[in-house]
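Residue-level structure breakdown
If you want the building blocks of each chain, they are given just below.
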Amino acid sequence: QVQLVESGGDLVQPGGSLRLSCTASRITFNIYNMAWYRQAPGRQRELVAGNTSGGNSNYADSVKGRFTISRDNGKTTVYLQMNNLKPEDTAVYYCNAKWGYTQYWGQGTQVTVSS
C-alpha cells in the first residue's frame, strides 16, 4: 500500500520558519512529480509548490521567494522549506505524488502561524 507521510507542521510566530517533510513508500519515487498543497478552513485546496521528476519547480505567487521545494530521491522524500511565514499561510499542508493519471495524497500536517 502506497503511503505518503508528512511531518513538520507546528505553531510558529509570524516571520518564523518551518520545514515540512513527506516520505513516500511503495512507489518508484524518482518518476513521480511531487507537490505540496494547502487548505485553509473554508477555502479550496490550492497548489503551493511543485517539483517535477526532472527537477523543475514552480510556486504559487503568494509563496514565491519565501518557500522552497526540494526532493531527495534516495530518501524518497520531498521537502518544503517555509521562511518568513505569515498568518495567511495557516492551513493543513498536503503532500501529493502524481504520475500520469495516478496520484496519491498524504494525510496532511497542520501549520499555524500566529503570535
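1. Regarding the pattern of salt bridges
Scanning the model with the defined rule gives four salt bridges in all. Arg38 is the salt-bridge partner of Glu46, the closest N and O atoms lying 2.7 Å from each other. In this structure, Asp89 and Arg66 form a salt bridge, with 2.8 Å as the shortest nitrogen-oxygen distance. Taken together, the residues span a long stretch of sequence, with Asp89 in the loop between β8 (77-82) and β9 (91-99) and Arg66 in the loop between β6 (57-59) and β7 (67-72) at a distance of 23 residues. Each member of the pair, Asp89 as well as Arg66, is classed as buried. Put simply, Arg38, Glu46, Arg66 and Asp89 are held in one network by salt bridges that share partners.

2. Topic: the state of the cysteines
Overall, the coordinates contain one disulfide when judged by the stated rule. The disulfide that involves Cys22 links it to Cys95, with 2.1 Å between the sulfurs. With the S-S bond torsion at -80°, the cross-link from Cys22 to Cys95 turns out left-handed. Of this pair, Cys22 sits in strand β3 (residues 18-25) while Cys95 sits in strand β9; the two residues are 73 residues apart in sequence, bridging distant segments of the chain.

3. Some details on the packing of aromatic side chains
One pass over the full model with this rule turns up three aromatic pairs. The interplanar angle of 50° and the centroid separation of 6.1 Å between the aromatic rings of Tyr32 and Trp99 together place this pair among those described as tilted. Highlighted residues: Tyr32 in the loop between β3 and β4 (33-39) and Trp99 in strand β9, separated in sequence by 67 residues. Looking at Trp99, the relative accessible area reads 48%, which means it is partly exposed. Relative to Tyr104, the ring of Tyr32 lies with its centre 6.2 Å away and its plane at 40°, an arrangement referred to as tilted. With Tyr32 in the loop between β3 and β4 and Tyr104 in strand β10 (residues 102-105), this pair connects stretches of sequence that are 72 residues apart. Residue Tyr32 is classed as buried on the basis of its relative accessible area of 6%. For Tyr104, a relative accessible area of 27% gives the class partly exposed.

4. Quick notes on the side chain of Thr109
Turning to its location among the elements, Thr109 is positioned in strand β11 (residues 109-113). From its side chain, Thr109 meets the backbone nitrogen of Gly9 in a polar contact 3.1 Å long. Other than its neighbours up to four places away in sequence, Thr109 contacts Glu6, Ser7, Gly8, Gly9, Leu20, Ala91, Val92 and Tyr93.

Rules used throughout
- Residues numbered from 1 in each chain as written.
- Predicted model: local features only at pLDDT ≥ 70, side-chain atom pairs only at ≥ 80, totals over all residues.
- Heavy atoms only, no water.
- Salt bridge = Lys/Arg side-chain N within 4 Å of Asp/Glu carboxyl O.
- Helix = DSSP H or I, 4+ residues; strand = E, 2+ residues; numbered from the N terminus.
- Buried < 20%, exposed > 50% of the residue type's maximum accessible area, 1.4 Å probe, protein only.
- Disulfide = S-S within 2.5 Å.
- Phe/Tyr/Trp six-rings, centres within 6.5 Å; stacked < 30°, edge-to-face > 60°.
- Polar contact = N/O pair within 3.5 Å; in protein donor to acceptor, adjacent residues only side chain to side chain.
- Contact = heavy atoms within 4.5 Å.

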